[in-house]
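# Reading the structure
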Protein chains: 2
Amino acid sequence: MGFEYRDGVETRELRYFVAVAEELHFGRAAQRLGIAQPPLSRAIRQLERRLGAALLERTSRTVTLTDAGSVLLREGRAALDAVEAAERRARRAALAATGHAGVVLAAKAGASSELLAKLLDAYAAEPDAVTVDVLLCGIGEQERLLRDGRADVALLHRPFDTTAGFDTEELRTDGQVAVLPAGHPLTGRTHVQMAEVTALPGLPMPRWPGLDGTYPDGPGPQVREHAQLLQLIALGRACAILPDSCRAQLGGDLAAVPVLDAPTVTTVIAWPPHSRSRAVAGLVQTATRL
Amino acid sequence: MGFEYRDGVETRELRYFVAVAEELHFGRAAQRLGIAQPPLSRAIRQLERRLGAALLERTSRTVTLTDAGSVLLREGRAALDAVEAAERRARRAALAATGHAGVVLAAKAGASSELLAKLLDAYAAEPDAVTVDVLLCGIGEQERLLRDGRADVALLHRPFDTTAGFDTEELRTDGQVAVLPAGHPLTGRTHVQMAEVTALPGLPMPRWPGLDGTYPDGPGPQVREHAQLLQLIALGRACAILPDSCRAQLGGDLAAVPVLDAPTVTTVIAWPPHSRSRAVAGLVQTATRL
DNA sequence: GGGATCGATACCCGTGCGGTATCGCTGCCC
DNA sequence: GGGCAGCGATACCGCACGGGTATCGATCCC
């Protein structure tokens, strides 16, 4: 009795655990996984026995994570991403061998668009350039895309995006400007302070969705896209503080005023630390030479 | 016919593939895995079908990796390390909850010993210090230990160790010195150049084992440990270029002369990028204050 | 050309995953 | 407070799949 199973955890078990840990509900997790609830209960219990650690505290009404469970949730997600990345990158390497080479570059939709355009142009002019598929994504999604192999390289914006775990090169740093409806009183100023913008009556800062897709509480309108935000500002329903480089996208109905005490924004190009891809290396080199 | 299995790769399949890819021999790989050869062949074939990619080129006499196979070997190892790390860190988090907290610090055996001693002393004096288990390991092993969760934090030496994928803080930088037998002609000099040391007649530079445990070809003696190297130098069979801080360990039979054009060595403390451990944070903070 | 080596194939068996039915506990509501 | 609803655990079953043995077929070597 009391055996120690000495072979490792299977990804299936990790997927099951992550589902339960996210839902905190065996029934919903089972539904999400497309299996029935009893096998799920069994699998989790087996995982706990194998680890020799309680992962979930269950009463018959509620499920909560133990400390070990929280750790396994975080680390397990990373591990699953790594497995997915291995799978996807192997598939793409096979495609590349049959002639269809290419890189996937992830960038926030609506950000750094002229920098991105310049980069793509410059890289396309390189002698050994390959196809670059651009993957426009939401706020903060780039890291996930890099980690699970859906992208090979990404444009990130410090300090908003975290570059932890990636290799990076800085491309440019921008000050930030307040974007306001044309004709707003502040428009005449040569510069403003953060405090003047964040507390404008009737022009709240918008709320962006978190990584889980939900919005924080607060007064501002909920926005999901860059264009949507600009339209809201033009309508006089919001204002925002954005990197200086966004000026190129502002129409006549919007005005920008530099914010002196806003943190500067650094655009970096990032890639997974052990990337051996010649195409990624070329893209990075081109980017640093812009 | 021609089904697409849309659920992910299992770690068992990855372990099997890595074994075959490393051995390039189904029989030996099966033996290493403790299973028979036919199920292994089947598993690999199934993995290839699932990925839709050839991973191995087999004739009945030889097995070689395809491009996709090389990618999957590299990425698969990383993924397996991540899964192992998740497993180990969850186990240790469970232990921590039952009172036995602690951090594992990895350091090269024989390197930075006084820095390490100072760090351990200083950290032990902190109010919320926990037990620090020191894991002395071979050259370049620290990265693996951090990646698969056997260590929580490590001391690395740039540019010899790669810090890719970790968060780091620099602790100190040293020049390098040539370590020679006492009485050697160069001993009288106040400084030397790289070229003068690397080509000394009868005193070749030693060869260190690579990550796979094999030695590169060359004239120098094979060494595996720091102490072994110093003894060889004292015997007049080798010389070496080492960080300045090694002087503390040199006995009277060895002499050190600064090498002006050698790259400086930076000692850094490194930890996995998403570590949420209070103990690691404390250790890092203590280290940076030394 | 015969033997040795090695991967693939054929076939069988047992484990274990996933399913359905049901129990037992808990909180809730009239 | 008793009945009910919700949820996780347990019991049991069937089958798919992982692993084993035996054997084939190809290739290299002497």
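This structure is a prediction, so every number in the text was calculated from the model and none was measured. (Residues numbered from 1 in each chain as written. Chains lettered and ligands numbered in written order. Predicted model: local features only at pLDDT ≥ 70, side-chain atom pairs only at ≥ 80, totals over all residues. Heavy atoms only, no water.)

## Comments concerning the confidence of the model for chain A
It should be kept in mind that the predicted coordinates are not to be read in detail where pLDDT is low. Residues and elements named next belong to chain A. Per-residue confidence for chain A gives a mean pLDDT of 89, with 98% of residues at or over 70. By mean pLDDT, the top-scoring element of chain A is strand 10 (residues 265-271) (95), and the lowest-scoring one is helix 8 (residues 226-234) (86). In the model, residues 1-5 has pLDDT below 50 throughout and makes two contacts with residues more than four positions away in sequence or in other chains. (pLDDT = per-residue confidence, 0-100. Helix = DSSP H or I, 4+ residues; strand = E, 2+ residues; numbered from the N terminus. Contact = heavy atoms within 4.5 Å.)

## Focus: the pairing of strand 7 (residues 176-181) of chain A
Residues and elements named next belong to chain A. Taken across its six residues, strand 7 has six buried, putting it largely inside the fold. Summarising the sheet, strand 7 and strand 8 (residues 240-243) pair through four bridges and their orientation is antiparallel. Each bridged residue has a counterpart across the sheet, and for Ala178 the counterpart in strand 8 is Ile241. Across six bridges, strand 7 lies against strand 9 (residues 254-259) in antiparallel orientation. What sits directly across from Leu180, in strand 9, is Ala255. (Buried < 20%, exposed > 50% of the residue type's maximum accessible area, 1.4 Å probe, protein only. Pairing = 2+ DSSP bridges.)

## Notes on the environment of Leu230 of chain B
Residue and element names in this part refer to chain B. Mapped onto the fold, Leu230 is located in helix 8 (residues 226-234). What makes Leu230 buried here is its relative accessible area of 13%. Sequence separation between Leu230 and Val179 is 51 residues; the distance between their C-alpha atoms is 8.3 Å. Other than its neighbours up to four places away in sequence, Leu230 contacts Leu242, Gln249, Leu250 and Leu254.

## Topic: the protein's contact with DNA strand D
Around DNA strand D sit 23 residues in total, of which Ser41 and Arg58 of chain A together with Ala36, Arg42 and Ser60 of chain B are the nearest. Protein-adjacent atoms of DNA strand D, using a 4 Å cutoff, are sugar or phosphate at a proportion of 61%. His25 of chain A is positioned such that a nitrogen or oxygen atom in its side chain is 3.1 Å from a phosphate oxygen of DNA strand D. Contact between DNA strand D and Tyr16 of chain B: a phosphate oxygen at 3.0 Å from a side-chain N or O atom of the residue. Sorting the residues of the surface near DNA strand D by element identifies helix 2 (26-33) and helix 3 (37-51) of chain A together with helix 1 (11-23) and helix 3 (37-51) of chain B as the ones contributing at least two each. It is helix 3 of chain A that provides the largest number of residues to the surface near DNA strand D, a total of five residues. Among the residues forming the surface near DNA strand D, the class breakdown is eight nonpolar, eight polar and seven charged. (Near = heavy atom within 4 Å. Polar contact = N/O pair within 3.5 Å; in protein donor to acceptor, adjacent residues only side chain to side chain. Nonpolar A, V, L, I, M, F, W, Y, C, P; charged D, E, K, R; others polar.)

## Quick word on the protein's contact with DNA strand C
Around DNA strand C, 23 residues are found, and the nearest of them are Ala36, Arg42 and Ser60 of chain A together with Arg58 and Arg61 of chain B. For DNA strand C, the fraction of atoms within 4 Å of the protein that belong to sugar or phosphate moieties is 63%. One nitrogen or oxygen atom from the side chain of Arg61 of chain B is found 2.7 Å from a base oxygen belonging to DNA strand C. Elements represented by at least two residues in the surface near DNA strand C include exactly helix 1 (11-23) and helix 3 of chain A together with helix 2 (26-33) and helix 3 of chain B. When residues in the surface near DNA strand C are grouped by element, the largest group, five residues, is from helix 3 of chain B. Its residues placed into classes, the surface near DNA strand C shows eight nonpolar, eight polar and seven charged.

## Looking at the domain arrangement of chain A
Under the domain assignment used here, chain A contains domain 1 (11-79), domain 2 (101-171 + 266-288) and domain 3 (176-263). With centres defined by C-alpha atoms, the gap from domain 1 of chain A to domain 2 of chain A works out at 34 Å. (Domains from an automatic or database assignment.)

## Some remarks on the relation of the copies chain A and chain B
Once turned by 179° and shifted 0.1 Å along the axis, chain A lies on chain B with an RMSD of 0.2 Å. Overall, the copies show the geometry of a two-fold rotation axis. Among all residues of chain A, the one whose C-alpha sits closest to the rotation axis is Gly165 of chain A, at a distance of 2.0 Å. Of the residues that chain A buries at the interface, 97% are likewise interface residues in chain B, meaning the two copies contact each other through the same surface. (Least-squares fit on C-alpha atoms with pLDDT ≥ 70 in both.)

## Here we look at the nonpolar core
Phe17 and Leu72 of chain A together with Phe17 and Leu72 of chain B are the most contacted members of the largest nonpolar core, which totals 64 residues. When residues of this core are traced back to their parent elements, those giving at least two are helix 1, helix 2, helix 3 and helix 4 (67-97) of chain A together with helix 1, helix 2, helix 3 and helix 4 (67-97) of chain B. Discounting chain neighbours no more than four positions away, the residues touching Phe17 of chain B are Ile44, Leu47, Leu55, Leu56, Leu65, Gly69, Leu72 and Leu73 of chain B. (Core = buried A, V, L, I, M, F, W, Y, C linked by side-chain atoms within 4.5 Å.)

## Here we look at unusual backbone geometry
Residue and element names in this part refer to chain A. Looking along the chain, the bond that leaves Arg158 and enters Pro159 is cis, with omega of 0°. Mapping Pro159 onto the fold places it in the loop between strand 5 (153-158) and strand 6 (167-174). A positive phi angle, close to 50°, is found at Leu24, a residue other than glycine. Assignment of secondary structure puts Leu24 in the loop between helix 1 and helix 2.

## Details of the interface of chain A and chain B
Contact residues are listed per partner, giving 37 residues for chain A and 36 residues for chain B. Contact between chain A and chain B buries roughly 3,100 Å² in total, counting both sides, with carbon and sulfur atoms accounting for 61%. If you look at where chain A meets chain B, you find four salt bridges. Where chain A meets chain B, there are 18 residue pairs in polar contact (both at pLDDT 80 or more). Counting residues per element, the ones that place at least two in the side of chain A that touches chain B are helix 1, helix 3 and helix 4 of chain A. (Buried area = accessible area lost by both parts, 1.4 Å probe. Salt bridge = Lys/Arg side-chain N within 4 Å of Asp/Glu carboxyl O.)

## Comments concerning the packing of helix 2 of chain B against helix 3 of chain B
Residue and element names in this part refer to chain B. Contact geometry of helix 2 with helix 3 gives a least axis separation of 9 Å together with a crossing angle of 105°. Regarding the angle of helix 2 to helix 3, the classification is roughly perpendicular. Contacts between helix 2 and helix 3 involve Phe26, Ala29, Ala30 and Leu33 from the former and Gln37, Leu40, Ser41 and Ile44 from the latter. (Axes fitted to C-alpha atoms, helices over the stretch in contact; angles between N-to-C directions. Parallel < 35°, antiparallel > 145°, perpendicular 65-115°, else oblique.)

## What to know about the pattern of salt bridges
Residue and element names in this part refer to chain A. Counting across every chain of the model gives 48 salt bridges over all chains. Residue Glu114 is joined to Arg172 by a salt bridge in which the shortest nitrogen-to-oxygen separation is 3.4 Å. Here the residue Glu114 occupies a position in helix 5 (residues 113-124), and Arg172 occupies one in strand 6, the gap between them amounting to 58 residues. Salt bridges here are not isolated pairs; linked through shared partners, they connect Glu22, Glu23, Arg28, Arg32 and Arg77.

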